[in-house]
Amino acid sequence: MIDRELNFFGKKPLLYLVATPIGNLGEMTPRALDVLKEVDFVACEDTRNSGSLLKKFGIDKAFISCHEHNEEEASNKIIGLLKEGKKVAYMSDAGYPTVSDPGERLTKRCIEAGIKVSVINGPSAAICGLVGSGLEANHFYFYGFLPSKPSARRKELEALKTREDTIVFYEAPHRIGDTLSDMAKILGEDRKAVVARELTKQHEEYIRGTLGEMALLDESTLIGEMVIIVEKAKTIAKTLSNDEIVDLLKEKLESLSSKEAIKEVAKEQGISKNVVYDVYLENFKN
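Worth saying up front: this structure is predicted, and the values here are computed from it rather than measured. (Residues numbered from 1 in each chain as written. Predicted model: local features only at pLDDT ≥ 70, side-chain atom pairs only at ≥ 80, totals over all residues. Heavy atoms only, no water.)

(A) Broad picture of the overall build of the protein. A count of helical and extended segments in the protein gives eleven helices and ten strands. What you see for the protein is a C-alpha radius of gyration of 26 Å, clearly larger than the 19 Å of a compact globule of 286 residues, by over 25%. Across the 286 residues that make up the protein, the buried fraction comes to 41%. Considering only contacts within the protein whose residues lie at least 6 apart along the sequence, 70% involve residues at least 24 apart. Total accessible area on the protein is roughly 16,300 Å²; 49% of this is exposed by carbon and sulfur atoms. On the protein, the mean spot of the 40 positive side-chain charges and the mean spot of the 46 negative ones are 5 Å from each other. (Helix = DSSP H or I, 4+ residues; strand = E, 2+ residues; numbered from the N terminus. Rg over C-alpha atoms; globule rule 2.2 N^0.38 Å. Buried < 20%, exposed > 50% of the residue type's maximum accessible area, 1.4 Å probe, protein only. Contact = heavy atoms within 4.5 Å. Areas by Shrake-Rupley, 256 points an atom, 1.4 Å probe, with all protein chains shown as cover. Lys, Arg positive; Asp, Glu negative; His and termini not counted. Charge placed at Lys NZ, Arg CZ, Asp CG, Glu CD.)

Written as structure tokens, this is what we have:
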């Protein structure tokens with residue numbers, strides 16, 4: 001049986017995951033500040049960055065360092081404090097914890113220990129970049145950072161090139177040139193893309209063009225953390241000969257009605273149902 005309890009009622013301890021500004025400190029939400037003022041401990045990716053942020057808003061708390069290299073050990077400490085009745089919030093340096101940032105192992109460990117988790121909403125570089133890109137946002141695939149090793153990066157891009165969703169990547173300045181070059185070669189030079197950099201900061205910029213054009217950008221002008229948004233792959237319609245469609249229909253008609261056979265062939269082959277129907281009438285209808 002599923003064990004249910006409302007997040008803000010009941011006896012189970014609760015970990016807060018707090019999203020923080022990706023650049024402009026004015027995007028720190030009032031609710032995030034209220035939570036950070038209320039908790040006993042703030043666990044964070046970098047105590048220096050989080051200390052500066054909290055100091056900006058006049059908040060003084062005890063910190064627990066919890067980053068990529070000590071997350072397992074720190075998780076044990078945080079879980080212990082939560083079970084003692086202490087209130088703890090976790091925040092990464094910018095944006096949402098766990099999204100291309102530490103916090104995923106902590107969250108999983110807390111859930112396994114019967115601790116509830118609540119997310120305090122805030123800025124997200126991926127959503128910010130996607131919405132401002134002008135590319136289709138109804139369906140998108142968030143990838144995050146590609147592998148730094150060239151061969152692994154190219155292999156991942158090969159696996160992504162036929163996705164029929166807008167794809168959202170993160171990239172660092174020291175890899176941006178190589179990444180854009182590989183994207184142009186593998187995903188296609190004519191594919192539309194947007195590089196969104198320094199989001200919410202003074203030098204925010206959306207660079208729009210094709211991947212071929214992006215690969216020619218002066219790498220020295222691409223400063224700051226970047227979001228790359230790439231348009232979805234275009235669907236290429238299949239073309240089958242009448243004889244090929246006849247063979248497919250014969251196979252389906254062994255176990256399906258004519259209506260279902262036509263429908264299945266059209267769906268599986270990605271071709272018009274009317275085309276399949278015409279072939280059926282010509283070859284099977286007496």
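(B) Structural view of a nonpolar patch on the surface. A contiguous nonpolar patch, built from Leu 6, Phe 8 and Phe 9 and spanning about 380 Å² of accessible area, is present on the exposed surface. Tracing the chain through its elements places Leu 6 in the segment before β1 (14-18). (Patch = residues over 30% accessible without salt bridge, like charges linked within 9 Å, V, L, I, M, F, W, Y side chains within 5 Å. Salt bridge = Lys/Arg side-chain N within 4 Å of Asp/Glu carboxyl O.)

(C) Spotlight on the sheet that holds strand β3 (residues 62-65). Strands sit in the order β3-β2-β4-β1-β5 across an open sheet of five strands; the sheet is parallel. What marks the edges here is a single partner per strand, and that holds for β3 and β5 (116-120). Here the strands of the sheet are splayed against their neighbours by 25° on average, with no regard to which way each runs. Strand direction decides the pairing type here: strand β2 (residues 41-44) and β3, joined by four bridges, are parallel. Residue Val 42 lies in a different strand from β3, and its bridge partner there is Phe 63. Packed on one face of the sheet, helix α2 (residues 47-56) meets β2, β3 and β4 (88-91) and runs near 150° to β3. (Pairing = 2+ DSSP bridges. Axes fitted to C-alpha atoms, helices over the stretch in contact; angles between N-to-C directions.)

(D) Inspection of the nonpolar core at higher detail. Ranked by size, the top nonpolar core spans 21 residues in total, and within it Phe 169, Leu 180, Met 183, Ile 228 and Val 230 carry the most contacts. Looking at this core, the elements that each hand over two or more residues are α6 (150-160), β7 (166-171), α7 (176-187), β8 (192-197), α8 (211-214) and β10 (226-230). The dominant element in this core, judged by the number of residues it contributes, is α7, at six residues. Beyond its immediate chain neighbours, meaning those up to four positions away, Val 230 contacts Leu 135, Asp 165, Thr 166, Ile 167, Phe 169, Met 183, Leu 187, Arg 191, Lys 192, Ala 193 and Leu 211. (Core = buried A, V, L, I, M, F, W, Y, C linked by side-chain atoms within 4.5 Å.)

(E) Region of the structure containing the pattern of salt bridges. Tallied over the entire structure, the rule returns 16 salt bridges. With a shortest N-O distance of 2.9 Å, Asp 165 and Arg 163 are connected by a salt bridge. Classification of Asp 165 by relative accessible area gives buried; the value is 18%. One salt-bridge network, in which partners are shared between bridges, spans Arg 153, Arg 154 and Asp 182.

(F) Highlighting helix α1 (residues 30-38). Those residues of α1 that fall on the buried side of the exposure criterion are Ala 32, Leu 33, Val 35 and Leu 36. With its buried residues spanning 165° around the axis, α1 presents them on a single face. In this structure, the buried residues of α1 make contact with β1, β2, α2, β4 and β5. (Arc of directions from axis to C-beta.)

(G) Just the packing of helix α9 (residues 242-253) against helix α11 (residues 273-283), in detail. Look at α9 against α11: their axes get within 10 Å of each other, and the N-to-C directions meet at 80°. Between α9 and α11, the crossing angle belongs to the class labelled roughly perpendicular. Of the residues in α11, those in contact with Asn 242, Ile 245, Val 246, Leu 249 and Leu 253 of α9 are Val 275, Val 276, Val 279, Tyr 280, Glu 282 and Asn 283. Classifying every residue of the contact of α9 with α11 by side-chain character gives eight nonpolar, two polar and one charged. (Parallel < 35°, antiparallel > 145°, perpendicular 65-115°, else oblique. Nonpolar A, V, L, I, M, F, W, Y, C, P; charged D, E, K, R; others polar.)

(H) Here's a closer look at the sheet that holds β8. Strand order in the open sheet formed by five strands is β6-β7-β10-β8-β9, and the pairing between neighbours is mixed. What marks the edges here is a single partner per strand, and that holds for β6 (140-145) and β9 (205-210). Between one strand axis and the next, the sheet turns through 15° on average, direction left out of account. In the sheet, β7 pairs with β10 via five bridges, with the strands oriented antiparallel. Its bridge partner lying in β10, Tyr 170 is registered against Val 227. The sheet contacts of helix α5 (residues 125-133) involve β6, β7, β8, β9 and β10, and relative to β9 the element is tilted by about 60°.

(I) Summary view of the pairing of β7. With six of its six residues buried, β7 lies for the most part within the structure. The side-chain alternation of β7 yields two buried faces, one formed by Thr 166, Val 168 and Tyr 170 and the other by Ile 167, Phe 169 and Glu 171. As paired strands, β6 and β7 are joined by five bridges and run parallel to one another. Among the inter-strand pairings, Tyr 141 is bridged to a residue of β7, identified as Ile 167. Remark: the β6/α6/β7 crossover connection has right-handed handedness. (Right-handed = clockwise from strand over helix to strand, strands pointing away.)

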